[in-house]
Amino acid sequence: MLDIQKIRADFPILSQKVNGKPLVYFDNGATSQKPQVVIDADAKYYQEINANIHRGVHTLSQLATDAYEISRGKVQEHINAKFAHEVLFTSGTTHGINLVTNGFASILKPGDEVIVSSLEHHSNIVPWQMLCEKTGATLKVIPMNEEGELIMEAYDALLSEKTKVVTVNHISNALGIINPIKYMIDKAHAVGAAVLIDGAQAVPHLKPDVQALDCDFYAFSGHKMCGPTGTGILYGKEEWLNKLPPYQGGGEMIKEVTFEKTTYADLPHKFEAGTPNIAGGIVLGTAIDYLNEIGFDNIQKQEEELLAHATKRLLEIEGLKIYGTGKNKASVVSFNIDGIHPYDIGSIIDKLGIAVRTGHHCAQPIMNFFCIPGTIRASFSFYNTKEEINLMVEAVKTAKTMLS
Ligand SMILES: *Cc1c(COP(=O)(O)O)cnc(C)c1O
């Protein structure tokens, strides 16, 4: 078992008080906290090796370049990509998805179809809508059931030779539902469609194996997995990355520039125009090392216990309804109390030191499906405890009494 108190000591922010109360941080779905090794690695980069990468012959530039490429290798190993050049540094999931949709603008034709799921984050809906507007392709949506699960029979029925891309999240940020992505990838490939997986909510909880999944693209953010903000990864199969045009033009992504014709750099640099977030990319590698030291088996065991405990304790509250009741779930509980606006509960429990998210969680279509303005979302990390959950339950009870 994990020594949670020892792990909590790695995260300086967790010993803070907020509004005079010990901080209970249950907004991990929005961003995770950072361990001291990550904070230190950022300072160390600027103190010791700060220089621009892939450009200088001088020593610091080479040290920075090496550290950046070592980090790319760590990500490659972590997600089991076949080649390091299939791992692109981005500023986050949103950037990765837009890089792909921009590329498909030169591939899709009117009459082609793009399938998204009804469980998506806005950043995996809007770029595809923009792509369809630009190309005349049609957007199709996989419906969900009352448990918050995608309906696979409906998905199967949507697939045809017109389907060019399928995009779905690995784990839903609003409800915590884990989607059957392996099944969905295989089905999409059977009709010749490419598949993008939005892994933003998966990577804090599990280690994706992109070769076993056989997905064409897998996008995620560093900041939700103990890494720095403004970092992310887009994995793409080599053959797809070669096929797609560059996203941004500029330095770093070229082989040769003349005013007649510019040729592009090889992968991965073709998609990495300009000076990247060098410190962030290096420190993302530190965050991945940290998570692997704790171990994803241990992380999952701890989070499953937290999810079970929170679900049981919250359901003791009369009038409380949980959204996303499907069996296959990550450590996220989205709920409401009859007749009370989620924002009001969120505001009161914040005064008691409890940080949860309230609102539509960038997934308005899910809220429309349930006919609610939003939910209260508690999303747990391996560094959270059952005692903290008990504090939240008491705080929610207090808020309910005050508001009813
Ligand atoms: C957070 C999130 C995103 C967007 O990530 P950014 O880091 O804001 O780019 C996309 N999809 C899901 C499922 C998310 O949870």
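This structure is a prediction, so every number in the text was calculated from the model and none was measured.

A.B. asks: Before we move on, can you summarise the overall build of the protein chain with the specific residues and values?
C.D. replies: Helix and strand counts for the protein chain come out as 14 helices and 17 strands. Relative to a compact globule of 404 residues, whose C-alpha radius of gyration would be 22 Å, the protein chain shows 22 Å and is just as compact. Projected onto its principal axes, the C-alpha positions of the protein chain cover 70 × 55 × 35 Å. The 404 residues of the protein chain split such that 55% are buried. Here the analysis covers contacts within the protein chain between residues at least 6 apart in sequence; of these, 71% occur between residues at least 24 apart. Taken as a whole, the protein chain presents about 17,000 Å² of accessible surface, with 53% of it coming from carbon and sulfur.

A.B. asks: I'd like a description of the environment of E153, backed by residues and values.
C.D. replies: With respect to the element layout, E153 can be found in helix α6 (residues 152–158). With relative accessibility at 60%, the residue E153 sits in the exposed group. Between the C-alpha atoms of E153 and T325, which are 172 residues apart in sequence, the distance is 19 Å.

A.B. asks: Can you tell me about the pattern of salt bridges, naming the residues and giving the values?
C.D. replies: One pass over the structure, following the stated rule, counts 17 salt bridges. With a shortest N-O distance of 2.9 Å, E272 and R72 are connected by a salt bridge. Of this pair, E272 sits in the loop between β12 (262–264) and α10 (278–294) while R72 is found in helix α3 (residues 59–79), placing the two residues 200 residues apart along the sequence. Owing to a relative accessible area of 6%, E272 belongs among the buried residues under this scheme. Overall, R72 belongs to the buried group, its relative accessible area being 1%. A salt bridge links D216 to K237; its shortest N-O distance comes to 3.3 Å. Taken as a pair, D216 in the loop between α8 (210–213) and β9 (217–221) and K237 in the loop between β10 (232–236) and α9 (238–243) lie far apart in primary sequence, 21 residues in all. For D216, a relative accessible area of 4% translates into the label buried. Residue K237 is classed as buried on the basis of its relative accessible area, which comes to 17%. Several salt bridges share partner residues, and in doing so they unite R313, E316, E394 and K397 into one network.

A.B. asks: Can you break down the sheet that holds strand β14 (residues 332–337) residue by residue, with the values?
C.D. replies: Here 4 strands make up an open sheet; going across it, the order is β13-β14-β17-β16 and the pairing antiparallel. The open sheet has two edge strands, β13 (320–323) and β16 (357–359), and neither has a second partner. The mean inter-strand angle of the sheet, taken between neighbouring strand axes irrespective of direction, is 30°. Pairing analysis gives 4 bridges linking β13 to β14, with the strands arranged antiparallel. Bridge pairing in β14 links I322 to F335.

A.B. asks: Account for the site of the ligand, naming residues and giving values.
C.D. replies: Neighbouring the ligand are G92, T93, T94, H121, S123, N173, D198, A200, Q201, S221, H223 and K224. Here an oxygen atom of the ligand and a side-chain polar atom of T94 are 2.5 Å apart. Within the contact set of the ligand, a nitrogen atom lies 2.5 Å away from a side-chain nitrogen or oxygen of D198. Alone, the ligand offers 380 Å² of accessible surface; in the complex the protein occludes 86% of this.

A.B. asks: Summarise unusual backbone geometry; cite the residues concerned and give the values.
C.D. replies: A cis geometry characterises the amide bond from L267 onward to P268, with omega recorded as 0°. For P268, the location among the structural elements is in the loop between β12 and α10. One non-glycine residue, H54, lies in positive phi territory at about 60°. Tracing the backbone through its elements, the reader meets H54 in the loop between α2 (36–49) and α3. H54 sits in the partly exposed class, given a relative accessible area of 30%. Positioned with a positive phi, H361 is a non-glycine residue whose angle comes to about 55°. H361 sits in the buried class, given a relative accessible area of 5%.

Here is what the cut-offs are and how they apply
- Residues numbered from 1 in each chain as written.
- Predicted model: local features only at pLDDT ≥ 70, side-chain atom pairs only at ≥ 80, totals over all residues.
- Heavy atoms only, no water.
- Helix = DSSP H or I, 4+ residues; strand = E, 2+ residues; numbered from the N terminus.
- Rg over C-alpha atoms; globule rule 2.2 N^0.38 Å.
- Buried < 20%, exposed > 50% of the residue type's maximum accessible area, 1.4 Å probe, protein only.
- Contact = heavy atoms within 4.5 Å.
- Areas by Shrake-Rupley, 256 points an atom, 1.4 Å probe, with all protein chains shown as cover.
- Salt bridge = Lys/Arg side-chain N within 4 Å of Asp/Glu carboxyl O.
- Pairing = 2+ DSSP bridges.
- Axes fitted to C-alpha atoms, helices over the stretch in contact; angles between N-to-C directions.
- Near = heavy atom within 4 Å.
- Polar contact = N/O pair within 3.5 Å; in protein donor to acceptor, adjacent residues only side chain to side chain.

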